[in-house]
Amino acid sequence: MAVRDRDRFSTATRLRLLGEQTAARVYRSQTKRQARRSRLTGRAALLALVLCSLIVALAYPMRQYVSQRAQISDLQRQQEQARKRVEQLRDLKARWQDDSYAEQQIRRRLHYVMPGETGYVVIDPGAAKQSRAYLGAARRPWYANVWDGVDKSDASDQ
């Protein structure tokens, strides 16, 4: 027994025991980690696969649904605008049925006057200047007028 006690306290024996204990701890921690990881990874992979397949399966119908709802709202807006336009045209038609409105529009648009009245037209001074400029353009050759028209349209775009 004395040999055994002496062997128990020797450095080599202690190092060997310490190494075995450390190896046992490492082995236990690795097996716990591996068991936990492998169980969770399989479930997580299956869940991810199911979610991805649901997303892929529902993506196109949801896009179609959203675009069709937008199209329906656009058509409803157009229908409401058309309905308002029809009401405006009905009101205008009803006004034109009235003789006094028709007479008023004829006087204003066509410059008609009733017998015994004196008609007059007020001319805008700016319009007179425009007509003088037009007369100046009539005296020039036609190709100069065309080129000026191109320059004016180009200037209006800018």
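Right above here is the structure, for reference.
Residues numbered from 1 in each chain as written. Predicted model: local features only at pLDDT ≥ 70, side-chain atom pairs only at ≥ 80, totals over all residues. Heavy atoms only, no water.

Caption draft 1: Region of interest: the packing of aromatic side chains. Summed over all chains, the structure comprises 2 aromatic pairs. Here the aromatic rings of W96 and Y101 are separated by 5.4 Å at their centres, their planes lie at 85°, and the arrangement is edge-to-face. Here Y101 falls in the buried class, since its relative accessible area comes to 16%. Considering the side-chain rings of W142 and Y143, the 5.9 Å spacing of their centres and the 80° angle between planes classify their relative orientation as edge-to-face. Residue class for Y143 comes out exposed when judged on its relative accessible area of 53%. (Phe/Tyr/Trp six-rings, centres within 6.5 Å; stacked < 30°, edge-to-face > 60°. Buried < 20%, exposed > 50% of the residue type's maximum accessible area, 1.4 Å probe, protein only.)

Caption draft 2: Seen up close, unusual backbone geometry. Of note, the phi angle at H111 is positive, near 60°, even though the residue is not glycine. On the secondary structure map, H111 appears in the loop between α3 (99-110) and α4 (125-138). Given the relative accessible area of 55%, H111 is considered exposed. (Helix = DSSP H or I, 4+ residues; strand = E, 2+ residues; numbered from the N terminus.)

Caption draft 3: Spatial organisation of the pattern of salt bridges. Within this structure, the stated rule accounts for 5 salt bridges. One salt bridge in this structure joins R77 and D74, with 3.9 Å as the shortest N-O distance. Note that R77 and D74 are positioned in helix α2 (residues 11-97) at a spacing of 3 residues, about one turn of the helix. Using a relative accessible area of 43% as the deciding quantity, one classes R77 as partly exposed. R90 serves as the salt-bridge partner of E87, at 3.4 Å between the closest nitrogen and oxygen. (Salt bridge = Lys/Arg side-chain N within 4 Å of Asp/Glu carboxyl O.)

Caption draft 4: Highlighting the side chain of Q105. For Q105, the location among the structural elements is in helix α3. The class of Q105 is buried, set by a relative accessible area of 6%. In this structure, Q105 is in contact with W96 and L110, ignoring residues within four places of it in sequence. (Contact = heavy atoms within 4.5 Å.)

Caption draft 5: The arrangement of α3 in detail. Taking 1.5 Å per residue as the helical rise, α3 with its 12 residues ought to reach 16 Å, and the 16 Å between its terminal C-alpha atoms agrees with that figure. Within α3, the full set of buried residues consists of Y101, A102 and Q105. Viewed end-on, α3 has its buried residues packed into an arc of 95°, placing them on one side of the element. Taken from the residues just after α3, H111 is the one with a positive phi, measuring 60°. (Expected span 1.5 Å × (residues − 1). Arc of directions from axis to C-beta.)

So yeah, pure geometry; function would need other evidence.
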